[in-house]
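Geometric and topological summary
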Amino acid sequence: MDKAYNSSQEGHIYDQWLESGAFTPVVPKNPKVAKIKDKPFSIILPLPNANDPMHMGHALFTIQDILVRYHRMLGQPTLWLPGGDHAGIETQFVFEKRLAKEGKSRFDFDRQTLYQMIWDFVEDNRKLNQFQMKKLGFSMDWTRYHYSLEPAIVDNVLATFKKLYHDGLVYRDEKIVNYCTRCGTAFSNLEVDHKTVDSHLWYIKYGPITVATTRPETMLGDTAIAVNPKDKRYKDLIGKTITLPLVNKEIPVIGEDSIDIEFGTGAVKVTPSHSPEDYDMAKKHNLEFVRIFDYDGKSNNNVPEKYRGFFPKQVRQMVVDDLTAAGLMEKIENYSHEVGHCYRCGNPIEPITAPQWYVKIAPLAKPAIEAAKTGQLKFFPNRFKKTYITWMENIRDWNISRQIVWGPRIPAWYCLDCNPDIKLNFLDKNKNIVSDFYRNTKNKYSFEEINNGLQSLVAPVGTDFTVEHLDNCSKCNSVNLIQETDTFDTWFLSGQWPLSTLGFNTADPSKSSPDFDYFYPTTIMDTLWDILFFWVARMTMFGLYLTGDVPFKTVHLHSKVTDAKGQKMSKSKGNVINPLDMTEKYGTDALRMSLVYGIAPASDFVVSEDKIRAQRNFVNKIWNASRFVEMLIDRLHEKNPDLKISELKSPLSKGDLEGFSQADKDILEKLNKIIISTTKNLESYHFGQASENLYQFFWHEFCDVYIENAKDRGEETIPILLTVLKASLKLLHPFIPFVTETVYQNLKEKFNFKKELLISSSWPINEN
RNA sequence: GAGUCUAUAGCUCAGUUGGUUAGAGCGCUUCGUUGACAUCGAAGAGGUCAGAGGUUCGAGUCCUCUUAGACUCACCA
């Protein structure tokens with residue numbers, strides 16, 4: 001044995017595990033029946049973005065590996081199912097940044113071409129991501145790996161959409177949406193970051209009424225003034241009209257109870273197309289909708305000519321200048337308030353009315369709330385149960401459509417000839433962008449030319465559609481049927497991940513795979529709590545909706561990785577520690593151990609190079625302790641070639657301790673305790689405590705006390721040394737699999753350990 | 001605006017259902033070893049467990065309030 005542990009052997013060890021089949025559980029012939037008897041243990045990996053290079057967040061999958069290795073050693077059929085996510089908007093955003101470097105944009109390509117380009121881009125990275133997870137020793141069943149854009153996965157997702165549609169849970173509507181003009185797509189509420197912005201409150205004179213607003217530029221789209229009916233100042237004006245400045249248009253004054261008399265002037269300008277509150281008021285009072293900013297973020301034909309074609313910021317300046325010049329700006333106050341920003345690119349969100357696809361969520365949320373309340377779905381730590389229920393109870397309908405190409409297209413087809421008001425954006429055969437209504441393009445371009453060059457379309461709400469691709473329109477028999485260009489919110493697909501990957505068949509559940517029967521519901525879902533709503537909540541709803549059962553029995557949530565100062569790792573802060581660099585430098589085991597050592601459940605993971613180095617020393621300590629035990633035994637063996645070398649028969653049974661010294665009894669008793677506490681800590685997700693106790697036991701009890709003591713003694717220590725060492729290797733294996741397996745392999749032949757891999761050996765059991 | 005979490009040694013953090021002298025890693029002091037160990041071992045210094053009050057035979061651990069941070073959610077102008 002070398003003087004120090006050499007972590008460069010890790011790859012070889014991993015291959016041994018892989019080849020042994022240890023990662024791949026066998027599903028019994030009759031899975032539904034066997035499930036009760038065998039007690040399978042299963043975890044679905046929170047699918048990493050396939051284009052994402054490894055970072056510390058991925059290294060936290062160590063938690064799952066610990067659980068999986070532990071349960072595998074308990075003898076349970078254990079599945080850890082890996083996967084990769086196409087990650088819709090995330091990936092398209094990254095890809096568009098690359099395009100920008102080449103001086104190109106998404107508008108230079110038709111959607112098919114763009115899709116293929118992104119596909120190729122992701123394929124390259126996908127393999128790298130898998131390689132990196134292997135490097136960290138994750139004992140995933142690669143034979144069951146799935147990628148989110150596999151045909152079978154996508155088919156299942158489309159089938160779910162159809163089922164939702166037929167159950168009356170899918171609808172189209174033109175409401176205010178969170179629209180990012182840079183990304184060119186709408187987002188769900190969850191994808192909006194609210195940031196405090198220092199701005200102003202502009203007081204603008206609208207004839208007899210002065211309004212206070214944070215967005216003067218949207219005044220061009222005002223269609224009413226709202227005041228509180230109890231407000232004496234304006235009471236008499238309700239029902240009358242006033243003239244909208246700059247636009248010179250008559251708009252009504254309406255009474256609205258929700259208006260705060262105390263705030264500003266007590267009068268609010270109402271812009272139904274660019275404010276969620278105003279939208280609601282407009283619906284209630286039947287006001288006109290005037291959308292002044294379009295999907296490209298610029299002002300459109302609905303504003304006076306001089307303001308057309310500008311971004312909101314520019315329009316704001318022009319409007320403020322003009323109002324000031326006209327003497328209509330009463331005053332400007334400093335004011336800070338919350339403004340929604342795109343979580344992806346950071347651009348301010350423009351609330352805009354746009355036709356989108358929605359899922360009626362209340363019927364899905366109800367059973368998901370029940371499951372949490374009844375304990376069918378458990379949370380660790382338990383406090384997240386409340387967070388989850390509160391969110392679920394206040395949930396709003398889910399906008400599932402995204403105006404991007406990277407993802408499965410919504411399976412809905414429109415007949416162009418029945419719906420000439422569909423707006424089409426496409427590249428003609430000369431690669432020129434055409435953007436017009438079908439009624440204007442139908443005589444100039446063939447359907448093929450439109451469809452081949454298609455970038456996007458906008459079908460007004462109410463447009464007839466089918467969720468099957470028919471050859472002819474059932475009404476007019478036209479063959480010009482065009483598919484919706486909106487794609488699904490990524491979470492619509494990943495929300496069905498446990499079902500899709502285990503082979504659940506939405507269209508015909510009776511045809512689901514044995515894997516589904518055996519492993520569903522999975523045992524634990526372990527993930528960062530920041531995707532509790534995005535992902536965990538959606539999976540629960542889909543799982544219950546489609547199968548009647550939760551997708552996992554327990555949600556284990558943990559926090560983020562921070563540096564030694566407790567700051568979140570980010571590129572901009574420059575405090576990122578690359579896990580792969582650390583594995584190169586200190587070995588994978590050291591990194592893994594440092595991630596869990598001394599970390600309280602659900603708190604931040606504090607990682608520093610110092611900590612990793614300390615754990616590297618521990619790994620080396622194990623190596624050397626083993627080396628020393630081997631040497632000690634060899635030495636005794638040389639003196640006495642007939643020496644019988646064996647472990648204790650029944651290591652922890654007290655009856656066998658007759659004739660042993662106090663030191664022997666002490667260490668065995670402590671071993672006994674550590675077996676009990678490690679088991680208990682693993683069962684209750686106290687990984688930090690478990691690893692810390694093992695560290696203390698191995699180093700400061702076994703090495704410092706027992707081995708030191710054994711130096712002065714003879715052959716009678718051999719059974720104890722071997723027993724404690726072997727049990728320690730097993731207990732430590734889930735945390736630091738490589739060194740323990742390596743040592744085990746070195747020792748097993750020499751000391752008649754069973755010829756097996758440590759990964760497949762059995763968990764030490766306390767027999768007291 | 002609603003909610004959640006955190007506050008323990010110089011630094012980063014453990015301390016699972018309340019129970020004997022409050023722990024680890026790194027750092028610091030002294031000594032030993034360098035023939036298992038990237039050194040390692042032995043001994044030690046260092047904490048009124050944010051503050052105040054309460055429950056209890058007993059509280060770092062439970063309750064209330066205060067202070068200071070962090071985070072999440074949220075259509076108010």
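The structure presented is a predicted model; accordingly, all values stated were derived computationally and were not measured.

Okay, the overall build of chain A next. Secondary structure assignment for chain A yields 24 helices and 27 strands. Expressed along its principal axes, the backbone C-alpha trace of chain A runs to roughly 110 × 60 × 50 Å. Counting only residues that meet the buried cut, chain A has 56% of its 768 residues in that class. In chain A, of all internal contacts separated by at least 6 residues, the share reaching a separation of at least 24 is 77%. A distance of 1 Å separates the average location of the 93 positive side-chain charges in chain A from that of its 97 negative side-chain charges.

Turning next to the state of the cysteines. Per the counting criterion, the structure on display carries zero disulfides. C180 takes part in no disulfide bond, and the closest cysteine sulfur to it belongs to C345, at a distance of 3.5 Å. On the basis of relative accessibility, which here comes to 0%, the residue C180 falls in the buried class. Not engaged in a disulfide, the cysteine C342 finds its nearest cysteine sulfur in C345; these two sulfurs lie 3.8 Å apart. With a relative accessible area of 2%, C342 lands in the buried category.

Our next topic: unusual backbone geometry. Cis geometry marks the peptide bond from F380 to P381; its omega dihedral reads -5°. Position of P381 among the secondary structure elements: in the loop between β15 (378-380) and α11 (383-393). At L246, a residue that is not glycine, the phi angle is positive and equals roughly 70°. With respect to the element layout, L246 can be found in the loop between β10 (241-244) and β11 (249-255). Even without glycine at this site, N477 takes up a positive phi of about 70°. Within the secondary structure layout, N477 lies in the loop between β21 (454-458) and β22 (481-483).

Right, let's get into the sheet that holds strand β14 (residues 350-359). With antiparallel pairing, the four strands of this open sheet are ordered in space as β6-β5-β14-β16. Two strands in the sheet have a free side with no partner beyond their single neighbour: β6 (185-187) and β16 (398-399). Bridge count for strand β5 (residues 170-180) against β6 is three bridges, and the pairing is antiparallel. Bridge pairing links N178 to F187 in β6.

Turning our attention to the packing of aromatic side chains. Across all of its chains, the model carries 44 aromatic pairs by this definition. When the ring of Y70 is compared with that of W763, the centres are 4.9 Å apart and the planes differ by 80°; the resulting orientation is edge-to-face. With Y70 in helix α4 (residues 62-73) and W763 in the segment after α24 (737-750), the pair connects residues that are 693 residues apart, well separated along the chain. In this structure W763 comes out as buried when scored by relative accessible area, which is 4%.

Of all residues adjacent to RNA strand B, which total 52 residues, the nearest are Y5, F263, V268, E277 and R396. For RNA strand B, the backbone makes up 64% of the atoms found within 4 Å of the protein, where backbone means sugar plus phosphate. Here a base nitrogen of RNA strand B and a side-chain polar atom of E338 are 3.0 Å apart. Interatomic distance of 3.4 Å between a side-chain N/O atom of N617 and a sugar or linking oxygen of RNA strand B. Among the elements of the structure, β8 (209-213), α8 (276-285), β13 (329-342), α11, α20 (609-639) and α22 (687-710) are those that each provide at least two residues to the surface near RNA strand B. The element contributing the most residues to the surface near RNA strand B is α20, with ten residues.

What follows deals with the sheet that holds strand β19 (residues 423-427). As summarised here, the arrangement of the three strands in space is β20-β19-β21, forming an open sheet in which the pairing is antiparallel. Two strands lie at the open edges of the sheet, namely β20 (433-437) and β21, each paired on one side alone. The average undirected angle you get between the axes of adjacent strands in this sheet is 10°. Across four bridges, β19 lies against β21 in antiparallel orientation. Its bridge partner lying in β21, N425 is registered against S456.

Cut-offs and rules
- Residues numbered from 1 in each chain as written.
- Chains lettered and ligands numbered in written order.
- Predicted model: local features only at pLDDT ≥ 70, side-chain atom pairs only at ≥ 80, totals over all residues.
- Heavy atoms only, no water.
- Helix = DSSP H or I, 4+ residues; strand = E, 2+ residues; numbered from the N terminus.
- Buried < 20%, exposed > 50% of the residue type's maximum accessible area, 1.4 Å probe, protein only.
- Contact = heavy atoms within 4.5 Å.
- Lys, Arg positive; Asp, Glu negative; His and termini not counted.
- Charge placed at Lys NZ, Arg CZ, Asp CG, Glu CD.
- Disulfide = S-S within 2.5 Å.
- Pairing = 2+ DSSP bridges.
- Phe/Tyr/Trp six-rings, centres within 6.5 Å; stacked < 30°, edge-to-face > 60°.
- Near = heavy atom within 4 Å.
- Polar contact = N/O pair within 3.5 Å; in protein donor to acceptor, adjacent residues only side chain to side chain.
- Axes fitted to C-alpha atoms, helices over the stretch in contact; angles between N-to-C directions.

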